[in-house]
Amino acid sequence: MGILRKTKSVETLLYEFDKSLSAISVISLVERLDSEMNKTTVYRILDKLEDDGVLHSFLGTNGLKWYAKCSGCSSSVHHDIHPHFECLSCGKVECLSINIQIPEIPSHKIENSQVLLQGKCKNCYS
């Protein structure tokens, strides 16, 4: 989609990811940034950041979209094929740094895969 301009809105949204170690739901982002930008601007910036390889998204419970920072991705290649974990007690969602083997399917090309594991995080399980 082109070069991302570092506007105040983009910097404000990226700051939310800099101060969070876990994924953030789109609903939470809209609520957090309500006083600084409208919902349409949040969605537009999220789409742009995902297209540029800065963020990746995945679906959580009930189809809720979550975003997390990419690691080593670009606008042409995303390397974020990893599982995510959602705590059913506290609601925290995080990227897992474990490998899951996605099977090859004859006569098919897999371009995206989403694995969501659910349970209790280490804080809630203890």
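Residues numbered from 1 in each chain as written. Predicted model: local features only at pLDDT ≥ 70, side-chain atom pairs only at ≥ 80, totals over all residues. Heavy atoms only, no water.

Asks: With reference to specific residues and values, describe the overall build of the chain.
Replies: Summing up its helical and strand segments, the chain has four helices and six strands in all. When its C-alpha atoms are laid out on the principal axes, the chain stretches across 45 × 40 × 25 Å. Taking contacts inside the chain between residues at least 6 apart in sequence as the whole, the part at least 24 apart equals 52%. Element-wise, carbon and sulfur atoms account for 50% of the exposed surface of the chain, whose accessible area totals about 8500 Å². Side chains of the chain carry 14 positive and 15 negative charges; the gap between the two charge centres is 4 Å. (Helix = DSSP H or I, 4+ residues; strand = E, 2+ residues; numbered from the N terminus. Contact = heavy atoms within 4.5 Å. Areas by Shrake-Rupley, 256 points an atom, 1.4 Å probe, with all protein chains shown as cover. Lys, Arg positive; Asp, Glu negative; His and termini not counted. Charge placed at Lys NZ, Arg CZ, Asp CG, Glu CD.)

Asks: Would you mind going over helix H1 (residues 8–18) in detail, with residue names and values included?
Replies: Taken as a whole, H1 has its buried residues at Val-10, Thr-12, Leu-13, Leu-14, Glu-16 and Phe-17. Packing partners of the buried residues in H1 comprise strand S1 (24–25), helix H2 (26–32), helix H3 (39–51), strand S2 (55–59) and strand S3 (65–69). (Buried < 20%, exposed > 50% of the residue type's maximum accessible area, 1.4 Å probe, protein only.)

Asks: Describe the sheet that holds S1, naming the residues involved and giving the relevant values.
Replies: One open sheet accounts for three strands, arranged S1-S3-S2; its pairing is antiparallel. Edge strands, defined here as strands with exactly one partner in the open sheet, are S1 and S2. Along the sheet, H1 makes contact with S1, S2 and S3, crossing S3 at roughly 80°. Packed on one face of the sheet, H3 meets S2 and S3 and runs near 110° to S2. (Pairing = 2+ DSSP bridges. Axes fitted to C-alpha atoms, helices over the stretch in contact; angles between N-to-C directions.)

Asks: Which residues make up the pattern of salt bridges, and what values go with them?
Replies: Scanning the model with the defined rule gives four salt bridges in all. Put simply, Arg-32 and Glu-16 hold a salt bridge, and the shortest N to O gap is 2.9 Å. Taken together, the residues span a long stretch of sequence, with Arg-32 in helix H2 and Glu-16 in helix H1 at a distance of 16 residues. Taking the relative accessible area as the measure of exposure, Arg-32 reaches 39% and is therefore partly exposed. Its relative accessible area of 7% is what places Glu-16 among the buried residues. A salt bridge links Lys-69 to Asp-18; the shortest N-O distance between them is 2.6 Å. (Salt bridge = Lys/Arg side-chain N within 4 Å of Asp/Glu carboxyl O.)

Asks: Could you give me a rundown of the sheet that holds strand S4 (residues 84–87), with the residues and numbers involved?
Replies: Reading across the sheet, the three strands line up as S5-S4-S6 and stay open at both edges, with mixed pairing between neighbours. The outermost strands of the open sheet, each flanked by one partner alone, are strand S5 (93–95) and strand S6 (116–119). Each adjacent strand pair in this sheet contributes to an overall mean axis angle of 25°, direction not counted. Note that S4 and S5 share three bridges and pair antiparallel. Looking across to S5, one finds that His-84 is bridged to Cys-95.

Asks: Pulling in residues and values, what's your account of the packing of H1 against H3?
Replies: How two helices pack is summed up by the angle between their axes together with the distance between the axes. Two elements in contact, H1 and H3, have axes separated by 10 Å at closest approach and are oriented at 75°. Considering the angle they form, H1 stands roughly perpendicular to H3. Within the contact between the two elements, H1 uses Ser-9, Val-10, Leu-13, Leu-14 and Phe-17 and H3 uses Thr-41, Val-42, Ile-45, Leu-46 and Leu-49. Looking at the contact of H1 with H3, its residues break down into eight nonpolar, two polar and no charged. (Parallel < 35°, antiparallel > 145°, perpendicular 65-115°, else oblique. Nonpolar A, V, L, I, M, F, W, Y, C, P; charged D, E, K, R; others polar.)

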